[in-house]
Amino acid sequence: QSPVRPSGPITITAKSGEWQDGVMIYSGDVLMKSKTLELRGARLELRQPGGNRAPYEITLTGEPASLLHASETPAELPVEARASRIVYRSANQDVELSGSARLLRGKDEINGEKVRYNVPSRRVQADGGDAGQVRIVIDVPEEGAAISPPKPDKSSPAPQP
Amino acid sequence: CGFQFAGSRPLPAVLDSIYVDVEVPYRVSEPPLETALRARLSQRGAEVATRADQAETQLRLWDLVERRETLSLGPDGKALEYRLVISVRYEVRRAGKLLLPADTLSVSRDYSFQPNRILAKEAEEAQLREFLQGEMAELLLLRLEVGLRETPPEPANVVPLVPVPAPAG
Amino acid sequence: QNDEPAPAMCQQLDLGTLPSSPLDKLVLTADSLRAERQGLADLAGSVRLRLGDKEFVSDALQYNDELRRIQINKASQFRSEDYLIRAERAQFDLNSEEGLFEDSEFTLGKVGARGSARSIQLSRAGEASAQEISYTSCSPGDNSWTITAGRLYLNREEGLGTARNATIRIAGVPVLYTPYLQFPIDDRRRSGLLFPSLGSDSRTGIDFAWPIYLNLAPNYDAILTPRMMSDRGNQVALAGRYLLPRAEGRSRFEYLADDQQFGRSRGSSEFVHNGLLSSRLALEINYAEVSDPNYFEDLSRVVDFSSLTHLERSARLTYQSPGAYTVQALVQDFQPLASAFTAVDDPYRRLPELRFDALTREDWHDTRAGISAQAVNFTRPDSVEGLRQTVQPYVRYSRDLGAMFGRAQLDLNHTRYQLSNNSTGDDNPERTLPIFSADAGLRFYKFDNGGGLQLLEPRLFYLYVPYREQDTLPVFDTGETDYDVPRLFARNRFSGLDRIADANQLTTALTWRQLDAGTGATRLAASFGQIYRFEESRVTLPDAGSLDAGSSDYLAGLEMRLMQGLSATSTLQWSPDSGRFSRTGMALRYRNDGLRGDLAYRFRQGLLEQTDLSLSAPVSSAWRLAGRLRRSLRDNRSLDALAGVEYETCCWALRGSYRRYLVNSAGEFNSGVYLQLELKGLSRFGAGFDELLPGDDRPLGDD
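Here, residues in each chain are numbered from 1, in the same order as that chain's written sequence. Ligands are numbered from 1 and chains lettered from A, in the order in which they are written. In keeping with the model being predicted, local features are shown solely for residues with a pLDDT of at least 70 and side-chain atom pairs are shown and tallied solely at 80 or more, while totals for entire chains, interfaces and linings include all residues. Side-chain calculation: all heavy atoms of the structure are included, whereas hydrogens and water are not.

Draft legend 1. Highlighting the overall build of chain A. Strands are runs of DSSP state E lasting at least two residues, helices are runs of H or I lasting at least four, and both sets are numbered from the N terminus onward. Helix and strand counts for chain A stand at 0 helices and 10 strands. Using a 1.4 Å probe on the protein chains alone, a residue whose accessible area is under 20% of its type maximum counts as buried, one over 50% counts as exposed, and one in between counts as partly exposed. Burial analysis of chain A (161 residues in total) assigns 42% to the buried set. Within chain A, contacts between residues at least 6 apart in sequence are counted, and of these 34% link residues at least 24 apart. Should any heavy atoms of two residues lie within 4.5 Å, those residues are considered in contact.

Draft legend 2. Structural context of the pairing of strand E1 (residues 25-30) of chain C. Across the 6 residues of E1(C), 5 count as buried, placing the element largely inside the fold. Strands are treated as partners if at least two bridges between them are detected by DSSP. Relative to E1(C), strand E10 (residues 134-139) of chain A runs antiparallel, the two sharing 6 bridges. Note that in E1(C) the partner of A:Val134 across the bridge is C:Ala30. One ladder, built from 3 bridges, connects E1(C) with strand E3 (residues 40-51) of chain C; its direction is antiparallel. Bridge assignment links C:Thr29 to a residue of E3(C), and that residue is C:Arg48.

Draft legend 3. Summary view of the sheet that holds strand E4 (residues 57-73) of chain B. Residue and element names in this part refer to chain B. In space, the 5 strands of this open sheet follow the order E3-E2-E4-E5-E6, with mixed pairing throughout. Two strands in the sheet have a free side with no partner beyond their single neighbour: strand E3 (47-49) and strand E6 (97-112). The mean inter-strand angle of the sheet, taken between neighbouring strand axes irrespective of direction, is 30°. The axes are straight lines fitted to the C-alpha atoms, using for helices just the contacting stretch, and the angles between their N-to-C directions are given from 0 to 180°. Taken strand by strand, helix H1 (residues 32-43) contacts strand E2 (17-22), E3, E4 and strand E5 (79-94), and its axis lies near 170° from that of E2. Across the sheet, helix H2 (residues 118-147) is in contact with E4, E5 and E6; its angle to E6 comes to roughly 150°.

Draft legend 4. Highlighting the arrangement of the chains. Ranking the 2 pairs of chains in contact by contact count places chains B and C at the top. At the C-alpha level, the nearest point of chain A lies 34 Å from chain B, with no contact between them.

Draft legend 5. Region of the structure containing the interface of chain B and chain C. Listed by partner, the interface residues are 73 residues for chain B and 104 residues for chain C. Summing the contributions of chain B and of chain C, the shared interface buries around 7000 Å²; its carbon and sulfur component is 58%. Here the quantity called buried area is the total loss of accessible area, with a 1.4 Å probe, experienced by two parts when brought into contact, counted for both. Per-residue buried area on chain B facing chain C is highest for B:Phe3, B:Tyr26 and B:Leu119; these three make up 12% of the total on that side. By definition, a salt bridge exists where a carboxyl oxygen of Asp or Glu is found within 4 Å of a side-chain nitrogen of Lys or Arg. Salt-bridge contacts for B:Arg109 lead to C:Asp484; the nearest nitrogen and oxygen are separated by 3.3 Å.

Draft legend 6. The arrangement of the side chain of C:Gln610 in detail. Take C:Gln610: it is sitting in strand E39 (residues 608-618). Beyond its immediate chain neighbours, meaning those up to four positions away, C:Gln610 contacts B:Ser72, B:Leu73, C:Ala600, C:Tyr601, C:Arg602, C:Arg631, C:Ser632, C:Leu633 and C:Leu639.

Draft legend 7. A look at the environment of C:Glu668. Residue and element names in this part refer to chain C. One can find Glu668 in the loop between strand E42 (652-662) and strand E43 (669-679). Exposure remark for Glu668: the relative accessible area of 39% places this residue in the partly exposed category. In the structure, Glu668 is positioned 159 residues away from Ala509 in sequence and 45 Å away in space, judged by C-alpha atoms. Ignoring sequence-local partners within four residues, the contact set of Glu668 consists of Arg203, Tyr661, Leu662 and Val663. Any pair of nitrogen or oxygen atoms within 3.5 Å is treated as a polar contact; in protein, a donor-acceptor pairing is required on top of that, and neighbouring residues in sequence qualify only through side-chain atoms on both sides. There is a polar contact of 3.2 Å between the side chain of Glu668 and the side chain of Arg203. Within the structure, Glu668 has its side chain in polar contact with the side chain of Asn664 (distance 2.7 Å).

Draft legend 8. Inspection of the packing of aromatic side chains at higher detail. Think of it this way: a Phe, Tyr or Trp ring, Trp meaning its six-membered ring, pairs with another when their centres are within 6.5 Å, and the plane angle makes it stacked under 30 degrees, edge-to-face over 60, tilted otherwise. One pass over the structure, following the stated rule, counts 23 aromatic pairs over all chains. Taking the centre distance of 5.8 Å and the plane angle of 80° together, the rings of C:Tyr295 and C:Phe296 count as edge-to-face. Both residues of the pair, C:Tyr295 and C:Phe296, belong to the buried class. Centroid distance C:Tyr462 to C:Phe534: 6.4 Å. Interplanar angle 45°. Geometry classified as tilted. In this pair, C:Tyr462 sits in strand E30 (residues 453-465) while C:Phe534 sits in the loop between strand E34 (522-533) and strand E35 (550-563), placing the two residues 72 residues apart along the sequence. Stacked on the ring of B:Trp62, the Lys or Arg B:Arg60 has its end atom at 4.0 Å from the ring centre. In this scheme, Lys NZ or Arg CZ marks a charge over a ring once it lies within 6 Å of the ring centre and within 35 degrees of the ring normal. When the ring centre of B:Tyr82 is taken as origin, the NZ or CZ atom of B:Arg68, which lies over that ring, is 3.8 Å away.

Draft legend 9. Layout of the pairing of strand E22 (residues 310-320) of chain C. Residue and element names in this part refer to chain C. Strand direction decides the pairing type here: strand E21 (residues 281-290) and E22, joined by 6 bridges, are antiparallel. Note on E22: the bridge partner recorded for Ile285 is Ala315. When E22 meets strand E23 (residues 325-336), the two strands line up antiparallel, connected through 11 bridges. If you follow Tyr319 over to E23, its bridge partner there is Val327. Hairpin connection, E22 to E23: the antiparallel pair is bridged by 4 residues.

Draft legend 10. The nonpolar core, seen in detail. What makes a nonpolar core is a set of buried Ala, Val, Leu, Ile, Met, Phe, Trp, Tyr and Cys residues whose side-chain atoms join them at distances within 4.5 Å. Counting residues in each nonpolar core, the largest one holds 86 residues, and the members touching the most others are C:Leu28 and C:Tyr135. In this view, C:Leu28 contacts A:Val134, A:Arg135, A:Ile136, A:Ile138, C:Leu43, C:Val47, C:Arg48, C:Leu49, C:Leu61 and C:Ile70; residues no more than four positions away in its chain are not counted. Within the second largest apolar cluster, 55 residues are counted, among which are B:Leu61, B:Leu148, C:Tyr417 and C:Phe476.

Draft legend 11. Quick peek at the confidence of the model for chain A. Residue and element names in this part refer to chain A. For every residue, the predictor reports its confidence as pLDDT, a number between 0 and 100. Mean pLDDT over chain A works out to 78, with 83% of the residues at or above the 70 mark. Here residues 1-6 scores under 50 on pLDDT; set against residues more than four positions off or in separate chains, the count is 6 contacts. Low confidence marks residues 144-161, where pLDDT is under 50. Its contacts with residues over four positions away, or in another chain, come to 29 contacts.

Draft legend 12. Examining a nonpolar patch on the surface more closely. Here, patches come from residues exposed beyond 30% relative accessible area and free of salt bridges, joined within 9 Å for like charges and within 5 Å for nonpolar side chains (Val, Leu, Ile, Met, Phe, Trp, Tyr). Accessibility throughout is a Shrake-Rupley quantity obtained with a 1.4 Å probe, and a residue counts as covered only by protein chains that appear here. A grouping of C:Leu562, C:Met563, C:Leu588, C:Leu599, C:Leu613 and C:Leu629 is seen on the molecular surface, where their side chains present a nonpolar patch of about 510 Å² in accessible area. Following the sequence through the fold, C:Leu588 ends up in strand E37 (residues 580-592).

Draft legend 13. Local environment of the environment of C:Asp304. Tracing the backbone shows C:Asp304 in helix H2 (residues 303-306). Separated by 256 residues in sequence, C:Asp304 and C:Arg48 have C-alpha atoms that sit 60 Å apart. In terms of polar contacts, C:Asp304 uses its side chain to reach the side chain of B:Thr70, at 3.1 Å.

Draft legend 14. Up close: H1(B). Residue and element names in this part refer to chain B. Expected helix span is computed as 1.5 Å times (number of residues minus one). Between its terminal C-alpha atoms H1 stretches 16 Å, which fits the 16 Å expected from 12 residues at 1.5 Å a residue. Listed in full, the buried residues belonging to H1 are Leu33, Glu34, Ala36, Leu37 and Leu41. End-on, the buried residues of H1 take up no more than an arc of 165°, which puts them together on one face. Of the surrounding secondary structure, the elements contacted by the buried residues of H1 are E2, E3, E4, E5 and H2. Positive phi appears at Gly45, one or two residues downstream of H1, with a value of about 95°. By definition, the arc is the one covered by directions from the helix axis to the C-beta atoms.

So, in structure tokens, the structure goes:
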């Protein structure tokens, strides 16, 4: 998996689109699709200063704007996210969600003021922002977990330093 | 002096239909306390049920405990007088709700002891046990009556008690 | 220092209760999250983890998604329903919900204990296994006593902590090493080490005992008590209790290898059992035996034992039929203890006694019929022995109209003996006589303006029993009962069946009660009574004469609450013939939050005149004084004197007491000083001062 992989062709559909001093603005049920990524929202701004082949930046806003990153291998879980503002930069395929951002993967969930999600590596960074904190909810199957009785083994495993 | 015949003193309505249960684990026969309680309740017109579900009110008694304390010692260091103390815990429930909080009632009486009359004193202790448990039944019923009384006393025909000269001694 | 009594538990670090949160959702909050490497997320900045009743708080924490494990390499604090653990490093496994803590300080909230451990494994259900621990119930900073141990298991379900290779340190000084030690970690009545007691008295010299509690199973446990006595030697005592679905019982064995003063080994055993053989058949066994009559006088430190004159050995089977009859079989024997008696005074053995009692349940026109029959084989060496058979059918009429009640009962008692070794006359004497009694009473009541209930109950009791000559009958189990309120309404002034007193007498009695409005507790209870004999009562016993015609002694009983916490009782028996009191009893009782006082004067003509003062008072929040003094005015000397002082903190208590009591028939006293140390949290058995002071019975019901 090369560090930077071009995201391939993307298609954008919306009710209306217009060009305004170098920025393409779509509004009304905007949907941006790429091979594995889907962005939806009320208004999308596309900036591609270096022309058609150059990297571009998308700024999506909505009530909320949402992202869906399908899983590519069976081991991976699809990632879904919502925020009031999503910025996607094709250069490093980084997604920045801000404004009560919420990211869901399977039953686990991450909430925070600012969440950064790197599409290829599926890595997440989140910050609570000045007011709140990041909140992560992990599903713990109640009965399913194999409850092993405490084996007071002689050598207690030294935790990683 | 204001006293009236007890006949006109109604039993609190709550006690009209009652089930009495004295828990004496590992014993088969009824303790005198239970017999006396049932007798007094039915004499006062209550309907004493034979099974818990037949009565709305349950009077439960448990921890019926007896203790014999050495009181006086003789010149040879042996006991000359004992005190028999019997105590029981009780609570009253109606439809599962506590009518009276659980409480303890204990009675006691002293009796002299002669080492050369062990069997006689044992028989006297048995008579004393029966007498004390009968007294317990009476005291318990009085407590329930006062504790469960709903209607305030009819003030109309109660004349203040003329002070009876304090008893001698 | 405030005057609040020392709290039962020390105040440990308490963070209050945790708001509950769902059991199937682990919630993490932090200032920031970095999920850099594959499956690893680093949380930083006041991180908090919540799962069900568990909570972790730390500055940084790492979550491994593949292993589903939380790793905390910074100082963290863990909290759950029972535990509070502060650790240098910790781990939490999401699947098994098991925690691992390194270099930790822990607090057991429920039982107010704390300690430290090199490592602790904590299971989901709260079972803990800790290595290299120290443990105490003293508050933080106070190490008056600690237990250090190689390993400690905390079993929450059993409520027990079990330490291995444990050393008990008092004020830092190691006092006791034990490979195995158990103690309670919740408030159930179970304990590990009871508290040691050290004493020195005139009967045993230096006397040191340290009971060990063995929790063998949930329903049976035991206490092993090694006891070293400088003047006598080493004794070991084992006391066990068992609780079965259909029976309960306890037993106790003591063995003193060889008593230097007594010259040979001595021991005692006791066994008490109550059980159901079927839902209608119950077995009761009471057995107690000592190796020699002076056993308790020499070895027990409590006057309740040294004052015993006999030990009962009996087994009783009771069959209660669903009908209305009861059959009882009893075998009974007594072991006499040292006293100035000759064999002739020893009690007879009942080998066996059979009883049959029946009474109709329903009554026919308020009348019920019943019968009680008894056959007893009395034996005693070199005395008259024999079988006594008694049949007593009776008819009882009883009617209660609330305002008045009436009862009458007619019995016919037929008794027959088959005697052997009988030096006086007939070997088969018998006696047949009727017993008639009539009982009537009125009940008056009044609610006084305070809402309290007042009751007045006059009562008459007439007894008629014709005279039968009974001097030739043996005396197996008969004696004259105390002249007291029960005897006013008794149908025979003798207990037992060898003598039925002739009687033609009328009892008049009056009871007056005042009950509190709220609680129904007795504010005042006065009773008066007297028997008037129309004829002389001629049946006698060797030690009980006949009673002349005319009025008997007057009886008065009074219980009165003088004020909050202070009540007085008195019993008076005045004899018109001698114009003097034949019995008086006065007692004052004071109970007021921690302060307990009893003062009693007891006089029985020709038997005893004694005063009994006992006091237990808190002096400050830590100090408490207690004392008891029983004096005989007839012999003008004290029979039992006890003075005690107790210093109590929230985690330990030290009791010192001086005791001097009359111990044997030679009039010798045992005097000694005893020290008792209680390490709270190691033992829940409260025997301390209470054991030395009179029971807290409350003749007035409650105050």
